[in-house]
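Now for the letters of each chain:
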Amino acid sequence: GRILLRPSGTEQVVRVMVEAPTGEEAKAQLAEEIGRLPDAVAACVGGGSNAMGIFNAFLDDPSVRLFGFNTWSVLAPQALLGVLAVGVLYAAVRRVSGPRAALLAGAVLALTPVAALMFRFNNPDALLVLSMVVAAYCAQHALDRESSRWWLVAAGVALGIGFLAKMLQVFLVV
């Protein structure tokens, strides 16, 4: 009953012929450039990436911290920004037009092909969309007679975050 898992021949060839030389070359270049080992090494691992070879060169060096990230750790925040944008849009439209229109607006944002693609890739567009929707929501609150001036300040902060994300494109809402 015991199952022994070991690397197949192909994995051994990739490790010896591709990954090990890549890591050793990176280690040599770093030693030449900075004269010492780096404090940390980061590489994208998984998904067929050969970047794991960089780690192999530094496994025996306890002073070097190794950080590996995969596609989920990069893309999950983008998807979360999309969900937040849909939620804030729902809240903004609900204040003015009721829950049916809010549901329709949120569905349109979530299901528009461009938005669906944008929230699946690592680019600043997801943060730009969220900051613009938050700015519109805050400006909508600022227009109420009983509201505080801080809503207008919050709208400006949201536009500032959008500006940092994608420069002048955020001013399309102004």
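Residues numbered from 1 in each chain as written. Predicted model: local features only at pLDDT ≥ 70, side-chain atom pairs only at ≥ 80, totals over all residues. Heavy atoms only, no water.

The helix and strand inventory of the chain stands at 7 helices and 2 strands. Along its sequence from the N terminus, the chain presents helices and strands in the succession α-β-α-β-α-α-α-α-α. Of the contacts made within the chain by residues no fewer than 6 positions apart, 61% connect residues no fewer than 24 positions apart. Of the roughly 12,000 Å² that the chain leaves accessible, carbon and sulfur atoms contribute 66%. (Helix = DSSP H or I, 4+ residues; strand = E, 2+ residues; numbered from the N terminus. Contact = heavy atoms within 4.5 Å. Areas by Shrake-Rupley, 256 points an atom, 1.4 Å probe, with all protein chains shown as cover.)

It is worth spelling out the packing of aromatic side chains at this point. Applying the stated criterion across every chain yields a total of 1 aromatic pair. Between Tyr137 and Trp151, the ring centres sit 6.0 Å apart and the planes meet at 80°, which makes this aromatic pair edge-to-face. Residue Tyr137 is located in helix 6 (residues 125–142), and its partner Trp151 is located in helix 7 (residues 150–166); the two are separated by 14 residues in the primary sequence. Given a relative accessible area of 29%, Trp151 falls into the partly exposed group. (Phe/Tyr/Trp six-rings, centres within 6.5 Å; stacked < 30°, edge-to-face > 60°. Buried < 20%, exposed > 50% of the residue type's maximum accessible area, 1.4 Å probe, protein only.)

A contiguous nonpolar surface patch, about 480 Å² in accessible area, is contributed by Leu127, Trp150, Val153, Val157 and Ile161. With 4 residues, the top contributor of residues to the nonpolar patch is helix 7. Relative to the helices and strands, Leu127 is located in helix 6. Among the residues examined, Leu127 registers a relative accessible area of 31% and is labelled partly exposed. (Patch = residues over 30% accessible without salt bridge, like charges linked within 9 Å, V, L, I, M, F, W, Y side chains within 5 Å. Salt bridge = Lys/Arg side-chain N within 4 Å of Asp/Glu carboxyl O.)

What follows deals with the packing of helix 3 (residues 71–97) against helix 4 (residues 99–111). Two elements in contact, helix 3 and helix 4, have axes whose closest approach is 7 Å; the angle formed by their N-to-C orientations is 150°. In terms of orientation, helix 3 lies roughly antiparallel with respect to helix 4. Crossing of helix 3 against helix 4: the hand is right-handed. For the pair helix 3 and helix 4, contact is made by Ala85, Val86, Leu89, Tyr90, Val93, Arg94 and Ser97 and by Pro99, Ala101, Ala102, Leu103, Ala105, Gly106, Leu109 and Ala110, respectively. (Axes fitted to C-alpha atoms, helices over the stretch in contact; angles between N-to-C directions. Parallel < 35°, antiparallel > 145°, perpendicular 65-115°, else oblique. Left-handed = near helix turned anticlockwise from the far one by under 90°.)

With that settled, consider helix 4. The end-to-end C-alpha distance of helix 4, which contains 13 residues, comes to 18 Å, matching closely the 18 Å that a straight helix rising 1.5 Å per residue would cover. Looking at helix 4, one finds that the buried residues are Ala102, Ala105, Gly106 and Leu109. Seen from one end, helix 4 has its buried residues packed into an arc of 95°, which puts them on one side. Seen from the open side of helix 4, the exposed residues pointing more than 90 degrees away from its buried face are Arg100, Leu103, Leu104 and Leu111. (Expected span 1.5 Å × (residues − 1). Arc of directions from axis to C-beta.)

For the rest of this paragraph, the subject is the side chain of Asp125. Mapped onto the secondary structure, Asp125 falls in helix 6. Here Lys166 takes part through its side chain, which lies 2.7 Å from a polar atom of the side chain of Asp125. Apart from the residues lying within four places of it in its own chain, the contact partners of Asp125 are Met118 and Lys166. (Polar contact = N/O pair within 3.5 Å; in protein donor to acceptor, adjacent residues only side chain to side chain.)

Tallying each qualifying case throughout the model produces 4 salt bridges. With a shortest N-O distance of 2.9 Å, Asp61 and Lys27 are connected by a salt bridge. With Asp61 in the loop between helix 2 (52–58) and strand 2 (65–69) and Lys27 in helix 1 (residues 9–34), this pair connects stretches of sequence that are 34 residues apart. Residue classification places Lys27 among the partly exposed residues on the basis of a relative accessible area of 22%. In this structure, the salt-bridge partner of Asp39 is Arg36, at a minimum N-O distance of 3.5 Å. Arg36 sits in the partly exposed class, given a relative accessible area of 45%.

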